[in-house]
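# Summary of the model geometry
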Amino acid sequence: DAGVTQSPTHLIKTRGQQVTLRCSPKSGHDTVSWYQQALGQGPQFIFQYYEEEERQRGNFPDRFSGHQFPNYSSELNVNALLLGDSALYLCASSRDRGLQPQHFGDGTRLSIL
Amino acid sequence: AQSVAQPEDQVNVAEGNPLTVKCTYSVSGNPYLFWYVQYPNRGLQFLLKYITGDNLVKGSYGFEAEFNKSQTSFHLKKPSALVSDSALYFCAVRDWAGGGADGLTFGKGTHLIIQP
């Protein structure tokens, strides 16, 4: 039973570029959440998708957007990259709109030059 | 707004001794509390959760946590530490009263170092 998988594992971009990160949830899970973990910090909630809609959003600008597909997989898009966007981006999946524990992938390490 | 505080950046414990990693929280409604562990270059692994019921919650790898409503705390404990328990531990909370899709709010994490 595959857990949460994320791709790519590492990514290097320059300021102003755009990036797309991908996530496949654990089998049986229908809810996907995205988090940003800066170095030395705890994860910060970006947004959550359920039934292909954004259900809740954390304190992140509109440069951060997402999508959920009918197979429950999800993408995180970040436009106009800033140096401060360098972080580990974690995807978490769960059942019941997050009422059950979230299972995390190993993340995508994004570095902005 | 909900928040989590982990007052210790690092906790050092000798192998075989009991360990405690502290967490306090703030929510407007009833708390839904979690502990996760993170190993280097990995995602977070779920250890245990509290939503209602017994104040002492048992989880994975021999860990347990004690919920104290009056002190708004949810400390992680283990009776006998192993060197392999050395990792970064995160406490997280969401407001149970939300009822819908809510993201978790995490603390800053506590490095647990178990010395042989």
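Residues numbered from 1 in each chain as written. Chains lettered and ligands numbered in written order. Predicted model: local features only at pLDDT ≥ 70, side-chain atom pairs only at ≥ 80, totals over all residues. Heavy atoms only, no water.

Here we take up the overall build of chain A. Per the secondary structure count, chain A includes zero helices and eleven strands. When the helices and strands of chain A are listed from N to C terminus, the series reads β-β-β-β-β-β-β-β-β-β-β. Relative to the 2.2 N^0.38 estimate, which gives 13 Å for 113 residues, the radius of gyration of chain A is 13 Å and therefore close to what a compact globule would have. Seen through its C-alpha atoms, chain A measures out along the principal axes to roughly 40 × 25 × 25 Å. If you take every contact in chain A between residues at least 6 apart in sequence, the share linking residues at least 24 apart comes to 53%. When the accessible surface of chain A is totalled, it reaches about 5,300 Å², and 46% of it is carbon and sulfur. Computed over 10 positive and 11 negative side-chain charges, the inter-centroid distance for chain A is 7 Å. (Helix = DSSP H or I, 4+ residues; strand = E, 2+ residues; numbered from the N terminus. Rg over C-alpha atoms; globule rule 2.2 N^0.38 Å. Contact = heavy atoms within 4.5 Å. Areas by Shrake-Rupley, 256 points an atom, 1.4 Å probe, with all protein chains shown as cover. Lys, Arg positive; Asp, Glu negative; His and termini not counted. Charge placed at Lys NZ, Arg CZ, Asp CG, Glu CD.)

Once that is clear, we can look at the packing of aromatic side chains. What characterises a pair of aromatic rings is the spacing of the ring centres plus the angle enclosed by the ring planes. Summed over all chains, the structure comprises 17 aromatic pairs over all chains. Between Lys-78 of chain B and the ring centre of Phe-63 of chain B, over which it is positioned, the NZ or CZ distance is 5.0 Å. (Phe/Tyr/Trp six-rings, centres within 6.5 Å; stacked < 30°, edge-to-face > 60°. Lys NZ or Arg CZ within 6 Å of the ring centre and 35° of its normal.)

Ranked by size, the top nonpolar core spans 27 residues in total, and within it Leu-19, Trp-35, Leu-47, Leu-48, Phe-74, Leu-76 and Tyr-89 of chain B carry the most contacts. Of all the secondary structure elements, the ones that give two or more residues to this core are β2 (10-14), β3 (19-21), β5 (31-38), β6 (44-50), β8 (64-68), β9 (73-78), β10 (87-95) and β12 (110-115) of chain B. Membership of the second largest hydrophobic core comes to 20 residues, among which are Cys-23, Phe-47, Tyr-49 and Cys-91 of chain A. (Core = buried A, V, L, I, M, F, W, Y, C linked by side-chain atoms within 4.5 Å. Buried < 20%, exposed > 50% of the residue type's maximum accessible area, 1.4 Å probe, protein only.)

Another aspect to go through is the sheet that holds strand β1 (residues 5-7) of chain A. Residues and elements named next belong to chain A. If you trace the four strands from one edge of the open sheet to the other, you get β1-β3-β8-β7, paired in antiparallel fashion. Only two strands of the sheet have a single partner each, and these edge strands are β1 and β7 (64-68). When the angles between neighbouring strand axes are averaged without regard to direction, this sheet yields 20 degrees. The pairing of strand β3 (residues 19-24) with strand β8 (residues 74-78) spans five bridges and is classified as antiparallel. If you follow Val-19 over to β8, its bridge partner there is Val-78. (Pairing = 2+ DSSP bridges. Axes fitted to C-alpha atoms, helices over the stretch in contact; angles between N-to-C directions.)

Bringing the interface of chain A and chain B into the picture now. Listed per partner, the contact involves 21 residues of chain A and 20 residues of chain B. Summed over both partners, the interface of chain A with chain B buries about 1,700 Å², with 53% contributed by carbon and sulfur atoms. At the junction of chain A and chain B, the tally comes to one salt bridge. One salt bridge connects Asp-106 of chain A with Arg-42 of chain B, and the closest N-O pair in it is separated by 3.1 Å. At the boundary of chain A with chain B, the tally comes to six residue pairs in polar contact (both at pLDDT 80 or more). Residue composition of the side of chain A that touches chain B, by class: eight nonpolar, ten polar and three charged. (Buried area = accessible area lost by both parts, 1.4 Å probe. Salt bridge = Lys/Arg side-chain N within 4 Å of Asp/Glu carboxyl O. Polar contact = N/O pair within 3.5 Å; in protein donor to acceptor, adjacent residues only side chain to side chain. Nonpolar A, V, L, I, M, F, W, Y, C, P; charged D, E, K, R; others polar.)

All right, on to the environment of Gln-115 of chain B then. All names here are of chain B. Its location among the elements puts Gln-115 in strand β12. Relative accessible area serves as the criterion here: at 39%, Gln-115 is assigned to the partly exposed category. Gln-115 sits 98 residues away from Asn-17 along the chain, and the two C-alpha atoms are 10.0 Å apart. When sequence neighbours within four positions are dropped, the list of residues in contact with Gln-115 reads Asn-12, Val-13, Ala-14 and Glu-15.

Mapped onto the elements of the fold, Ser-73 of chain B is located in strand β9. When neighbours within four sequence positions are excluded, Ser-73 of chain B is seen to be in contact with Cys-23, Thr-24, Tyr-25, Glu-66, Phe-67 and Asn-68 of chain B.

Residues and elements named next belong to chain B. Where burial is concerned, the two faces of β2 differ: the one with Val-11 and Val-13 is buried and the one with Gln-10, Asn-12 and Ala-14 is not. In this sheet, β12 lies alongside β2 in parallel orientation, the contact comprising five bridges. Considered in β12, the bridge of Val-13 is made with Ile-114.

Attention shifts here to the pairing of strand β4 (residues 31-37) of chain A. Residues and elements named next belong to chain A. Most of β4 sits out of view: seven of its seven residues are buried. Burial along β4 is two-sided: the face carrying Thr-31, Ser-33, Tyr-35 and Gln-37 and the face carrying Val-32, Trp-34 and Gln-36 are both buried. Here six bridges tie β4 to strand β5 (residues 44-50), and the two strands are oriented antiparallel to one another. Its bridge partner lying in β5, Tyr-35 is registered against Phe-45. Linking β4 back to β5 in an antiparallel pair, the connection comprises six residues, with Gly-40 at a positive phi of about 80 degrees. Bridge count for β4 against strand β9 (residues 87-94) is seven bridges, and the pairing is antiparallel. From the neighbouring strand, Ser-33 faces β9, where its bridge partner is Ala-92.

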